[in-house]
Amino acid sequence: MEAVPDETESHDCRHDNRARSCHETENGVTDKKTGDWLAPLATALSLVACYGTLAAIGLLGALGVTIALNEAVWAGAIVLFAGLTFAVLLVRRRRHGRLFPTALAGVGFLLIGFSMLVSYNQLIEFAGFFFLCAGTVMDWRIGRSKPELVYGDK
């Protein structure tokens, strides 16, 4: 008669001889989704850095408070967060294998960078944020509908 392991005992991953993580399910996908929030967060930070700062300056100006803002630092923060979004989507592309969301975000990143660092144009800036948001939303929806592949699975 075989000894049946007690279900109340905790599973120790160190004694698992499998090559994959002990946090995976039977069909080869992991149940950990730690990177799902990184691209939306970076996109939101880029939007807040741009339009949130404008709103704060407008509100403070309406209240009679004047604020000196270094526009180079402001533009740099916007482009930095947009670039972070693109980088996260590049990493997530390896998980689901779809290029289109990353391409959309890349076009958005380039448009935002051009608008902020080369020649400011409000329409180009808005189009850049539209593409960046569209790529992020599409990646998020793909990540929700298609399970992640474990590295090495085919």
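About the cut-offs
Residues numbered from 1 in each chain as written. Predicted model: local features only at pLDDT ≥ 70, side-chain atom pairs only at ≥ 80, totals over all residues. Heavy atoms only, no water. Helix = DSSP H or I, 4+ residues; strand = E, 2+ residues; numbered from the N terminus. Buried < 20%, exposed > 50% of the residue type's maximum accessible area, 1.4 Å probe, protein only. Contact = heavy atoms within 4.5 Å. Areas by Shrake-Rupley, 256 points an atom, 1.4 Å probe, with all protein chains shown as cover. Core = buried A, V, L, I, M, F, W, Y, C linked by side-chain atoms within 4.5 Å. Phe/Tyr/Trp six-rings, centres within 6.5 Å; stacked < 30°, edge-to-face > 60°. Salt bridge = Lys/Arg side-chain N within 4 Å of Asp/Glu carboxyl O.

### With respect to the overall build of the protein
Point 1. Across its full length, the protein holds four helices and zero strands.
Point 2. Walking the protein from its N terminus toward its C terminus, one meets helices and strands in the order α-α-α-α.
Point 3. Counting only residues that meet the buried cut, the protein has 29% of its 154 residues in that class.
Point 4. Intrachain contacts of the protein at a sequence separation of at least 6 include 70% that bridge at least 24 residues.
Point 5. Within the structure as shown, the protein displays about 10700 Å² of accessible surface, and the carbon and sulfur contribution to it stands at 64%.

### So, the nonpolar core
Point 1. Membership of the largest hydrophobic core comes to 15 residues, with the highest contact counts inside it found for C50, I78, I112, M116, F129 and L132.
Point 2. Taken together, the elements giving at least two residues each to this core come down to α1 (38–62), α2 (71–96), α3 (100–117) and α4 (122–145).
Point 3. The element that contributes the greatest number of residues to this core is α2, accounting for seven residues.
Point 4. Each residue touching M116, except ones within four places of it in the same chain, is listed here: C50, A75, I78, V79 and E125.

### Topic: the packing of aromatic side chains
Point 1. Following the criterion strictly, the structure yields three aromatic pairs and no others.
Point 2. Here Y51 and F129 contribute two aromatic rings whose centre-to-centre distance is 5.4 Å and whose plane-to-plane angle is 55 degrees, an arrangement assigned as tilted. In this pair, Y51 sits in helix α1 while F129 sits in helix α4, placing the two residues 78 residues apart along the sequence.
Point 3. You can call Y51 partly exposed: its relative accessible area is 32%.
Point 4. Its relative accessible area of 3% is what places F129 among the buried residues.
Point 5. Ring centres 6.0 Å apart and planes at 70 degrees place the aromatic pair F130 and F131 in the edge-to-face group.

### Thoughts on the pattern of salt bridges
Point 1. Summed over the entire model, instances satisfying the criterion amount to one salt bridge.
Point 2. Close ionic contact of D139 with R92 constitutes a salt bridge, the shortest N to O distance being 2.6 Å. Residue D139 is located in helix α4, and its partner R92 is located in helix α2; the two are separated by 47 residues in the primary sequence.
Point 3. On the basis of relative accessible area, D139 is assigned to the buried category, the value being 2%.
Point 4. Relative accessible area serves as the criterion here: at 4%, R92 is assigned to the buried category.

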